[in-house]
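Residue-level structure breakdown
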Amino acid sequence: MIKGVAEYLDININTDLYLTMYNMVKKHENNTFGKTPFVSYSLEDNRTGKPTGYEKAFWPVLNDHKRVHPHYQFRSTGFNTANSTEKDVFAHTEIDLDTEHPNGYNIVVSVLGKSRIDYFETKDEEVYLPEKNAHGHAYYHEFYAQKEMGQGTPEFEKFLSDRKIGHIIVDKPLLIQTTIMHRVVVTEAPRCAWVTRWNNIPKDVSFQEFKQRVENIL
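This text gives an overview of the structure that appears in the document. What you see is a predicted model; the values in this text were computed from it and never measured.

This part is about the overall build of the chain. Summing up its helical and strand segments, the chain has five helices and eleven strands in all. Relative to the compact-globule value of 17 Å for 218 residues, the chain shows a C-alpha radius of gyration of 16 Å, a close match. Summarising its shape, the C-alpha atoms of the chain cover approximately 45 × 40 × 35 Å along the three principal directions. By residue count, 50% of the 218 residues in the chain fall in the buried class. Taking all contacts inside the chain whose residues are at least 6 apart in sequence as the whole, residues at least 24 apart take part in 78%. Summing over all exposed atoms, the chain offers an accessible surface of approximately 10500 Å²; the carbon and sulfur share of this is 48%. In the chain, which carries 26 positive and 30 negative side-chain charges, the distance between the mean positions of the two groups comes to 3 Å.

Have a look at this one:
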């Protein structure tokens, strides 16, 4: 756990409900999850920017999450899955440049398998905005070193090791701050986790204030 960055939540979770929702949608077409090897079943197709129609299937969870905060990012809200421990999500940030307010926080709920989120020291001069989403907005940062050294190479892994500031095990519901570089490491597959990315949160709403709101409502 990293105070103010990635913390466990004291909330009630109905794992059977999440499994039921996942089993409903996994029979249908999935989305690519950016350029990672993850597969997602989210509210928006990442390739086209169009709704997937899963909002109705996910409503039992989304209805509660809307009580916490009414705005969530369609692209990142839903299930993220990996069928191998070789399929990690590379170091990145998540940002929303098309909203009125800048803050965004993610709730992560483990459904199947095991994973870990590693966090890294984030220096402005070492990251860049590599691409835009289907709506024409930049949506994440990446390390320049990944482009220069290659993802997964020994040189880049050494770079990440030198900048690691901590990690959190995804075995209980957690809230994460996503403007610091982080990656998801799959430790037991198949792995499936639910994510709601709340966004358009005013900048004066701190991590701890939002966490308290999540715990009070959920």
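Attention now moves to helix α4 (residues 154-163). Residues F156, F159, L160 and R163 constitute the buried set of α4. One side of α4 carries all its buried residues, which in axial view fall inside an arc of 95°. What points out from α4, more than 90 degrees from its buried face, is the exposed set P154 and S161. Where the residues of α4 are buried, they touch β5 (89-92), β6 (103-120), β8 (142-143), α3 (144-149), β9 (164-169) and β11 (182-201).

Attention now moves to the nonpolar core. Judged by nonpolar contacts, the single largest core of 29 residues is most densely connected at Y18, F58, F79, W194, W198, F210 and V214. Of all the secondary-structure elements, those providing two or more residues to this core are α1 (15-25), α2 (59-68), β6, β11 and α5 (207-217).

Where burial is concerned, most of β11 is hidden: 16 out of the 20 residues are buried. When strand β4 (residues 78-82) meets β11, the two strands line up antiparallel, connected through five bridges. Bridge pairing in β11 places A82 opposite R191. Two strands pair when backbone bridges link them, and β5 and β11 are joined in this way by two bridges, in the antiparallel orientation.

Attention now goes to the packing of α1 against α2. Look at α1 against α2: their axes get within 10 Å of each other, and the N-to-C directions meet at 125°. In terms of axis orientation, α1 runs oblique to α2. Side by side, α1 and α2 meet where L17, Y18 and M21 of the first sit next to P60, V61 and H65 of the second. A class-by-class count of the residues in the contact of α1 with α2 yields five nonpolar, one polar and no charged.

How each quantity is defined
Residues numbered from 1 in each chain as written. Predicted model: local features only at pLDDT ≥ 70, side-chain atom pairs only at ≥ 80, totals over all residues. Heavy atoms only, no water. Helix = DSSP H or I, 4+ residues; strand = E, 2+ residues; numbered from the N terminus. Rg over C-alpha atoms; globule rule 2.2 N^0.38 Å. Buried < 20%, exposed > 50% of the residue type's maximum accessible area, 1.4 Å probe, protein only. Contact = heavy atoms within 4.5 Å. Areas by Shrake-Rupley, 256 points an atom, 1.4 Å probe, with all protein chains shown as cover. Lys, Arg positive; Asp, Glu negative; His and termini not counted. Charge placed at Lys NZ, Arg CZ, Asp CG, Glu CD. Arc of directions from axis to C-beta. Core = buried A, V, L, I, M, F, W, Y, C linked by side-chain atoms within 4.5 Å. Pairing = 2+ DSSP bridges. Axes fitted to C-alpha atoms, helices over the stretch in contact; angles between N-to-C directions. Parallel < 35°, antiparallel > 145°, perpendicular 65-115°, else oblique. Nonpolar A, V, L, I, M, F, W, Y, C, P; charged D, E, K, R; others polar.

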